Amino acid sequence: MRIATWNINSITARLPRLLGWLESSGTDVVCVQETKCSDEQFPYDELRELGYEAAVNADGRWNGVALISRVGLADVVKGLPGGPAYEGVQEPRAVSATCGGKVRLWSVYVPNGREVGHPHYAYKLQWFEALRAAVADNAAGELPFAVLGDYNVAPADEDVWDLSAFEGQTHVTAPEREALAALRGTGLTDVVPRPLKYDHPFTYWDYRQLGFPKNRGMRIDLVYGNGPFAKAVSDAYVDREERKGKGASDHAPVVVDLDV
DNA sequence: ATGCCGCTAAATTAGCGA
């Protein structure tokens, strides 16, 4: 089974590339983030024509996540149980399902945090704690299980192109990295993908200032899997080809092959 | 060539992203 996670930065704007990539890559299940659409706007019909169904948690202009599968989706849960609200709103940042009857997957879009000390930063840390609590049982279970998505945290210093550019910024702070460590503490391991070029598997490159051609990237799209999941991984890589050209997202897909 | 920000909703710009 080939699964993937991809922050597509609007499923509406990205639809031609998403459909083409699903066909060319042969992906069975893709976890997407930042759909930036309402449920009514979600392209169910176009995906169905390619044989995919979708579990969607989306409410409009911001955020939005989905699981898109051609091997079946069961026991769908929309949202993060026990998750915090931001300015009174439960934002659509998580959806989970059992895929192909063989693996349970979450697609998550962790809050950005904006600035250290901003209310959004506290919200980000609260969201991580709720995620940790919500996945603990599945992480410790026997069914292959993984949380995939845009974590908005670079786990280690080498996961950003230049640490000095991030001094005092979100995505690299100790509390954010401690939140990742706490999540791993439930029994999850970081499935690090291969880079297809250069020496580090960045997954995001800013649109501005030639970020991609200069390889000024970050590794913030992560696959955290439990033991049975990690044992089933036969390959993992960043499909940087999909970051190229007109109409690309600023994130590339992370692809994981599983023997399940 | 990988190429100098892109997306959305509601404007004729603002909010957001990391």
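Refer to the structure above for everything that follows.
None of these values were measured; they are calculated from a predicted model.

> Outline helix 1 (residues 11-25), supporting the account with residue identities and numerical values.
With 15 residues, helix 1 should cover 21 Å at 1.5 Å per step; its first-to-last C-alpha distance of 18 Å lies more than 12% under that length. Taken together, the buried positions of helix 1 are occupied by Ile11, Arg14, Leu15, Arg17, Leu18, Leu19, Trp21, Leu22 and Ser25. On its buried side, helix 1 packs onto strand 1 (2-7), strand 2 (29-33), helix 2 (44-49), strand 4 (65-69) and strand 14 (254-258). Of the residues one or two after helix 1, glycine 26 is the one with positive phi, at around 70°.

> Please give an account of the protein's contact with DNA strand B that cites residues and values.
In the vicinity of DNA strand B lie 31 residues, with Arg61, Asn112, His171, Lys197 and Pro213 positioned nearest. Between a phosphate oxygen of DNA strand B and a side-chain N or O atom of glutamate 34, the distance comes to 3.4 Å. Top contributing element to the surface near DNA strand B by residue count: helix 1, with three residues. Here the surface near DNA strand B is built from residues that sort into 11 nonpolar, 11 polar and nine charged.

> Outline the nonpolar core, supporting the account with residue identities and numerical values.
Counting 28 residues, the largest nonpolar core has Ile3, Leu67, Leu105 and Phe229 as the members making the most contacts within it. At the level of secondary structure, the elements contributing two or more residues to this core comprise strand 2, strand 4, strand 6 (94-99), strand 7 (103-109), strand 8 (145-150), helix 5 (227-232), strand 13 (233-238) and strand 14. Beyond its immediate chain neighbours, meaning those up to four positions away, isoleucine 3 contacts Thr27, Val29, Leu105, Leu148, Phe229, Val254, Val255, Val256 and Leu258. Grouped together as the second largest cluster of nonpolar side chains are 23 residues, Tyr151, Leu180, Leu183 and Tyr224 included.

What counts and what doesn't
- Residues numbered from 1 in each chain as written.
- Chains lettered and ligands numbered in written order.
- Predicted model: local features only at pLDDT ≥ 70, side-chain atom pairs only at ≥ 80, totals over all residues.
- Heavy atoms only, no water.
- Helix = DSSP H or I, 4+ residues; strand = E, 2+ residues; numbered from the N terminus.
- Expected span 1.5 Å × (residues − 1).
- Buried < 20%, exposed > 50% of the residue type's maximum accessible area, 1.4 Å probe, protein only.
- Contact = heavy atoms within 4.5 Å.
- Near = heavy atom within 4 Å.
- Polar contact = N/O pair within 3.5 Å; in protein donor to acceptor, adjacent residues only side chain to side chain.
- Nonpolar A, V, L, I, M, F, W, Y, C, P; charged D, E, K, R; others polar.
- Core = buried A, V, L, I, M, F, W, Y, C linked by side-chain atoms within 4.5 Å.

Distances and angles like these do not, on their own, reveal function.
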